[in-house]
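# Summary of structural features
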Amino acid sequence: MSARQDGATRVPGEALADPAGVRADPVDAPWGPSRAAGSGHGPARPTVGVLALQGDVLEHLRLLEAAGAHAVPVRRAEELDVVHGLLLPGGESTTIGRLLDLFALAEPLRARLAAGLPAFGTCAGAILLGRATTLDDGAPSDQPLLGALDVVTRRNAFGRQVASFEADLAVDEVPGGPLHAVFIRAPWFEALGASVRALATVTTAAGDRAVVVRQGGLLASAFHPELTGDARLHERFVSLVREAA
Amino acid sequence: MNDQTAPQGSPGDAASQVGTDRVKRGFADMLKGGVIMDVVDPEQARIAEQAGAVAVMALERVPADIRAHGGVARMSDPEVIESIQSAVSIPVMAKARIGHMVEAQVLQALGVDYIDESEVLTPADEAHHIDKQPFTVPFVCGATNLGEALRRIGEGAAMIRSKGEAGTGDVVEATRHMRAIAGEIRRLTTLAPEERAAAAKELRAPLDLVEEVARTGRLPVVLFTAGGVATPADAAFMMQLGADGVFVGSGIFKSGDPAKRARAIVEATTFAWDPQVVAKVSRGLGEAMVGSNVSGLEDAERLAGRGW
């Protein structure tokens, strides 16, 4: 594929034969039409950005569309200005954190989060939203973070890739039975602040650990809801965006 | 080992599964838009992590040195791999020889995050690749065209990289392979359904995978590019040709200022469609790796022809 004529950026993972990709035609998405469209209050179809510096951006764009949002990739401060909510995808938290600093997105994003921008972080995105993070052995990590969510994340808490797993998981505030959750070199949440609610936990050898948390309009999951095509957690986030708008 | 229950330290829930296709392929999804860098020691690994690499490939020698030294190239010493694993928090990959399932078993036992069954090492089997399905650890494999990519996926590869010609600093073969894969995908999407079986025969690829590519217009797994990328512009070029991300081997640590070049390649990969950014990061990088023209290589010196 050559560069797009309109100058738009290809999102990694998009089709090679159909540059318009699924984003232009969400009706064909296998998870079907949105159950959330028109529900709740606020704008019927809020604009939700997906931070598109690195990671599985495309899957989130698709699921946010399915959940009733207008989904747009965000790489620059001016793109951040127009969104009603922001999703921070999975990827490598050190890479995304560094690129945030480098392209002068970190400060505008911290400012918008401080002003109440709803945000949803998955895996690496959840680590970035947190106030502190540690390595798998509990040693503190000094990587750049956004600090909006009052939790400490433990990176690679379940182990290396050979320990990555999938399992069914009941999540509070998400109706319709357990979610199928895919954990990839996943973190968990520790030291939850008073305003943070654990919505789901996993039983580990170390005891129960929080893997989905919410603090007002901030939602975070240690697993990857975008890898299964189930839009229910994205619908919960879009409803938080509508409430805040 | 597929579908086995989780090991100790993971959730006690008996329904949780490790080593599934979704977990293997999903991990590659998290690397999209990123740069994976070859490193030979913990110091290089830390430089790569600081520069924003999404993963490192732990090696004893980078491809340019394998080329220069000759001899048989094998899996790295486990000590080298473990020293790199303890130096960084990003994923660590390592290479096994084509067909050498015991090297792969050893790498899995070491807890590497991804195995590259790589033509850069001397092949251990001239007819067969590793049966990758039974492993819990995911595999990435090289391909020069769509048929080769789909055969590897059929064997269980969870990620594909175009081969290029490693250790040359010449991007021409990476271009050839990316164009071949993307062009063949485009062609498949234009076929009538009844023409797909003949296409599968021609590609020597499993029919179900051919059907899937024809329907979706992409590989069923993440597609990176590798082999000969030496500059930020090379990396952006590969992204514009349709790569989901980039492997850089010798191009970083065989250059004048590795830390600066590594950062620049990461930035150019993210902003591949923005010439202003690519121009900005390309300034003052010092010497690029000297490299060698692929057209001057003897057939026996070409690595991309390894693998079948």
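As shown above, the structure is provided for reference.
Scope of this entry: the structure provided in the associated data block.

Calculation rules
- Residues numbered from 1 in each chain as written.
- Chains lettered and ligands numbered in written order.
- Predicted model: local features only at pLDDT ≥ 70, side-chain atom pairs only at ≥ 80, totals over all residues.
- Heavy atoms only, no water.
- Helix = DSSP H or I, 4+ residues; strand = E, 2+ residues; numbered from the N terminus.
- Buried < 20%, exposed > 50% of the residue type's maximum accessible area, 1.4 Å probe, protein only.
- Contact = heavy atoms within 4.5 Å.
- Buried area = accessible area lost by both parts, 1.4 Å probe.
- Salt bridge = Lys/Arg side-chain N within 4 Å of Asp/Glu carboxyl O.
- Polar contact = N/O pair within 3.5 Å; in protein donor to acceptor, adjacent residues only side chain to side chain.
- Nonpolar A, V, L, I, M, F, W, Y, C, P; charged D, E, K, R; others polar.
- Pairing = 2+ DSSP bridges.
- Phe/Tyr/Trp six-rings, centres within 6.5 Å; stacked < 30°, edge-to-face > 60°.
- Expected span 1.5 Å × (residues − 1).
- Patch = residues over 30% accessible without salt bridge, like charges linked within 9 Å, V, L, I, M, F, W, Y side chains within 5 Å.
- Areas by Shrake-Rupley, 256 points an atom, 1.4 Å probe, with all protein chains shown as cover.
- Lys, Arg positive; Asp, Glu negative; His and termini not counted.
- Charge placed at Lys NZ, Arg CZ, Asp CG, Glu CD.
- 1 Å grid on protein atoms, 1.4 Å probe; cavity = no way out; pocket = protein on both sides within 12 Å on 5 of 7 lines; lining within 4 Å.
- Points joined across faces, edges and corners; volume = space filled by probe spheres on them.
- Axes fitted to C-alpha atoms, helices over the stretch in contact; angles between N-to-C directions.
- Parallel < 35°, antiparallel > 145°, perpendicular 65-115°, else oblique.
- Left-handed = near helix turned anticlockwise from the far one by under 90°.

### Focus on the overall build of chain A
Each helix and strand in chain A was counted, giving six helices and 12 strands. Residues classed as buried in chain A amount to 60% of the 245 residues present. Counting contacts in chain A only where the partners sit at least 6 residues apart, residues at least 24 apart contribute 62% of the total.

### A look at the interface of chain B and chain A
Contact residues are listed per partner, giving 60 residues for chain B and 54 residues for chain A. Here chain B and chain A share an interface that buries about 4,700 Å² over both sides, 57% of which is from carbon and sulfur atoms. If you sort the residues of chain B by the area they bury against chain A, B:Arg22, B:Met30 and B:Trp273 come out on top, with a joint share of 17%. Taking the shortest distance from any N to any O, the salt bridge between A:Glu166 and B:Arg22 comes out at 3.4 Å. Counting across the chain B and chain A interface gives 27 residue pairs in polar contact (both at pLDDT 80 or more). At the level of elements, strand S1 (17-18), helix H1 (21-30), helix H2 (42-51), helix H7 (172-189), helix H10 (232-240) and helix H12 (258-270) of chain B are the ones that each hand at least two residues to the side of chain B that touches chain A. Here the residues of the side of chain B that touches chain A are counted per class, giving 25 nonpolar, 23 polar and 12 charged.

### A closer look at the sheet that holds strand S8 (residues 179-183) of chain A
Across the sheet, which stays open at both edges, the three strands sit in the order S8(A)-S7(A)-S1(B) with antiparallel pairing between neighbours. Unpaired on one side and paired on the other, S8 of chain A together with S1 of chain B mark the two borders of the sheet. Judged from the two bridges that link them, strand S7 (residues 165-169) of chain A and S1(B) form a sheet pairing that is antiparallel. Residue pairing across strands places A:Glu166 opposite B:Gln17, the latter belonging to S1(B).

### Quick look at the packing of aromatic side chains
Summed over the entire model, instances satisfying the criterion amount to 10 aromatic pairs over all chains. Taking the centre distance of 4.5 Å and the plane angle of 10 degrees together, the rings of A:Phe165 and A:Phe183 count as stacked. In this pair, A:Phe165 is assigned in strand S7 and A:Phe183 in strand S8, connecting sequence segments 18 residues apart. We classify A:Phe165 as buried; its relative accessible area is 1%. Exposure remark for A:Phe183: the relative accessible area of 2% places this residue in the buried category. Aromatic pair B:Phe224 and B:Phe247: ring centres 5.7 Å apart, planes at 70 degrees, arrangement edge-to-face. Separated by 23 residues along the polypeptide, B:Phe224 in strand S8 (residues 222-225) and B:Phe247 in strand S9 (residues 246-248) bring together distant segments of the chain.

### Details of helix H6 (residues 232-244) of chain A
Residue and element names in this part refer to chain A. The end-to-end C-alpha separation of H6 is 19 Å, in line with the 18 Å expected for 13 residues at 1.5 Å each. A large share of H6 lies buried, amounting to 11 of its 13 residues. Those residues of H6 that fall on the buried side of the exposure criterion are Arg-232, Leu-233, His-234, Glu-235, Arg-236, Phe-237, Val-238, Ser-239, Leu-240, Val-241 and Arg-242.

### Overview of the environment of B:Ile265
All names here are of chain B. Positionally, Ile-265 belongs in helix H12. Residue Ile-265 is classed as buried on the basis of its relative accessible area of 0%. C-alpha separation for the pair Ile-265 and Ser-282, spaced 17 residues apart in sequence, amounts to 8.5 Å. Those residues in contact with Ile-265 that sit more than four places away from it in its chain are Val-35, Ala-230, Thr-231, Pro-232, Ala-235, Val-248 and Ile-252.

### Topic: a negative patch on the surface
All names here are of chain B. A contiguous patch of negative charge on the surface is contributed by Glu-60, Asp-77, Glu-79 and Glu-82. Mapped onto the elements, Glu-82 comes out in helix H4 (residues 78-85). We classify Glu-82 as partly exposed; its relative accessible area is 40%.

### Some remarks on the pattern of salt bridges
Residue and element names in this part refer to chain A. Summed over the entire model, instances satisfying the criterion amount to 33 salt bridges over all chains. With its nearest N and O atoms 3.2 Å apart, the salt bridge here joins Arg-197 to Asp-172. Taken together, the residues Arg-197 in strand S10 (residues 197-204) and Asp-172 in the loop between S7 and S8 connect sequence positions 25 residues apart. The exposure class of Asp-172 is partly exposed, given its relative accessible area of 36%.

### Let's talk about empty space enclosed by the protein
All names here are of chain B. The final tally for this structure, using the stated rule, is six cavities of 30 Å³ or more. Counted as a void, the largest cavity has a volume near 190 Å³. Along the wall of the largest cavity there are 22 residues; nearest its centre are Asp-38, Pro-63, Ala-166, Gly-227 and Gly-249. Mapped onto the lining of the largest cavity, the elements with two or more residues apiece are S9 and helix H11 (250-253). Here the lining of the largest cavity is built from residues that sort into eight nonpolar, eight polar and six charged.

### A closer look at the packing of H10(B) against H12(B)
Geometrically, a packed helix pair is captured by the angle between its two axes and the distance between the axes. All names here are of chain B. Put simply, H10 and H12 touch, their axes get as near as 8 Å, and they point 25 degrees apart. As the angle between them shows, H10 and H12 are arranged roughly parallel. Every pair of crossing elements has a handedness; the one defined by H10 and H12 is right-handed. Every residue of H12 that contacts H10 at Pro-232, Ala-235, Ala-236 and Met-239 is listed here: Arg-261, Ala-264, Ile-265, Ala-268 and Thr-269. For the contact of H10 with H12, the class distribution of residues is seven nonpolar, one polar and one charged.

Purely spatial values, then, with no claim about function.
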